[in-house]
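# Results of the structural survey
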Amino acid sequence: MGDLFLVRHGETEWSRSGRHTGRTDVPLTERGREEARAVVPLIRSHRIGAVFVSPSQRARETAELIGLHDAHTDPDLMEWDYGGYEGITTVAIQRERPGWFLFTDGVTAGPPDHPGETAEQVGERADRVLAKADAALANTEGCVVLVSHGHFLRVLTARRLGLPPCDGALFQLATGAVCRLGTEHGRPVIAGWNVRPGP
């Protein structure tokens, strides 16, 4: 079976300023587009069997700029629903809740269209994505590429490794970065993490 490649979308105005960007459909900056184009040699040198992408425009445009035009849009790949913390930075949240940490402390309730998610709920979505990715890996030659978001892909990695969703906190992931999840002796491993093209 091939490997699983994870691609975090390129920079947006909100990611640059540290604002939590869950369901708000913020576009890429020009730098974000450059980050996406720079990923091309990291991905296109591999045989690609299937591509899944978040419905958010920042993820879809990243996939298009890489040249992944036959991507399947999957709402399970959306970013963590930050609920009442949407658009707010960690620094601002910690003024009200000193020591707050997303992976362990969660979010406050938001409006009905994005009420917020627990780490466990994000983990359930990640498990569904992994099941779809494994089915694609079993039925095609080549690797599977997931184009998504920072916190979601961190949770997905934790789940792939058999860890609880909150252990996604262990994996830093920059915009425009690529990760590779593979196997060794039949067990899931990180084969490459937070890889960004050189200057």
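Let us look at the structure shown here. (Residues numbered from 1 in each chain as written. Predicted model: local features only at pLDDT ≥ 70, side-chain atom pairs only at ≥ 80, totals over all residues. Heavy atoms only, no water.)

Moving on to the nonpolar core. Grouped together as the largest cluster of nonpolar side chains are 31 residues, with contacts concentrated most on Leu4, Leu6, Trp80, Val144, Leu146, Phe152 and Leu156. Looking at this core, the elements with two or more residues in it are strand 1 (4-8), strand 2 (48-53), helix 6 (102-105), helix 7 (119-139), strand 4 (143-148), helix 8 (150-160) and strand 5 (178-184). Looking at this core element by element, the count peaks at eight residues for helix 7. When residues no more than four places from it in sequence are discounted, the contact partners of Leu156 are Leu4, Leu6, Ala126, Val129, Leu130, Leu146 and Leu181. Judged by nonpolar contacts, the second largest core, of 14 residues, contains Phe5, Val7, Val51 and Ala63. (Core = buried A, V, L, I, M, F, W, Y, C linked by side-chain atoms within 4.5 Å. Buried < 20%, exposed > 50% of the residue type's maximum accessible area, 1.4 Å probe, protein only. Helix = DSSP H or I, 4+ residues; strand = E, 2+ residues; numbered from the N terminus. Contact = heavy atoms within 4.5 Å.)

This part takes up the sheet that holds strand 6 (residues 187-195). One open sheet accounts for six strands, arranged 3-2-4-1-5-6; its pairing is mixed. Edge strands, defined here as strands with exactly one partner in the open sheet, are strand 3 (72-73) and strand 6. Helix-sheet contacts for helix 7 involve strand 1, strand 2 and strand 4, and the interaxial angle to strand 4 is about 150°. Each of strand 1, strand 4, strand 5 and strand 6 is contacted by helix 8, which is oriented at about 155° to strand 1, the strand it contacts most. (Pairing = 2+ DSSP bridges. Axes fitted to C-alpha atoms, helices over the stretch in contact; angles between N-to-C directions.)

The next subject is helix 4 (residues 57-66). Listed in full, the buried residues belonging to helix 4 are Arg58, Ala59, Thr62, Ala63 and Ile66. What you see down the axis of helix 4 is that its buried residues fit within an arc of 135°, all on one side. On the buried face of helix 4, the contacting elements are strand 1, helix 2 (30-38), helix 3 (40-44), strand 2 and strand 4. (Arc of directions from axis to C-beta.)

For the coordinates displayed, the defined rule picks out four aromatic pairs. Ring centres 5.3 Å apart and planes at 80° place the aromatic pair Tyr85 and Trp100 in the edge-to-face group. In this pair, Tyr85 sits in the loop between strand 3 and helix 5 (90-96) while Trp100 sits in the loop between helix 5 and helix 6, placing the two residues 15 residues apart along the sequence. An identical accessibility class is assigned to Tyr85 and Trp100; each is buried. Considering the side-chain rings of Phe171 and Trp193, the 5.4 Å spacing of their centres and the 55° angle between planes classify their relative orientation as tilted. Here Phe171, found in the loop between helix 8 and strand 5, pairs with Trp193, found in strand 6; they are 22 residues apart in sequence, far enough to count as distant. An aromatic cluster is defined as three or more aromatic residues linked by ring pairs; in this entry it consists of Trp80, Phe101 and Phe103. (Phe/Tyr/Trp six-rings, centres within 6.5 Å; stacked < 30°, edge-to-face > 60°.)

A separate point is helix 7. Between the first and last C-alpha of helix 7 there are 30 Å, a value that for 21 residues agrees with the 30 Å anticipated at 1.5 Å per step. The complete set of buried residues in helix 7 reads Ala119, Val122, Gly123, Arg125, Ala126, Val129, Leu130, Ala133, Ala136 and Leu137. Within helix 7, the buried residues cover an arc of 160° as seen down the axis, which keeps them to one side. Counted as exposed and oriented over 90 degrees from the buried face of helix 7: Ala138 and Asn139. Contact partners of the buried residues in helix 7: strand 1, strand 2, helix 6, strand 4 and helix 8. (Expected span 1.5 Å × (residues − 1).)

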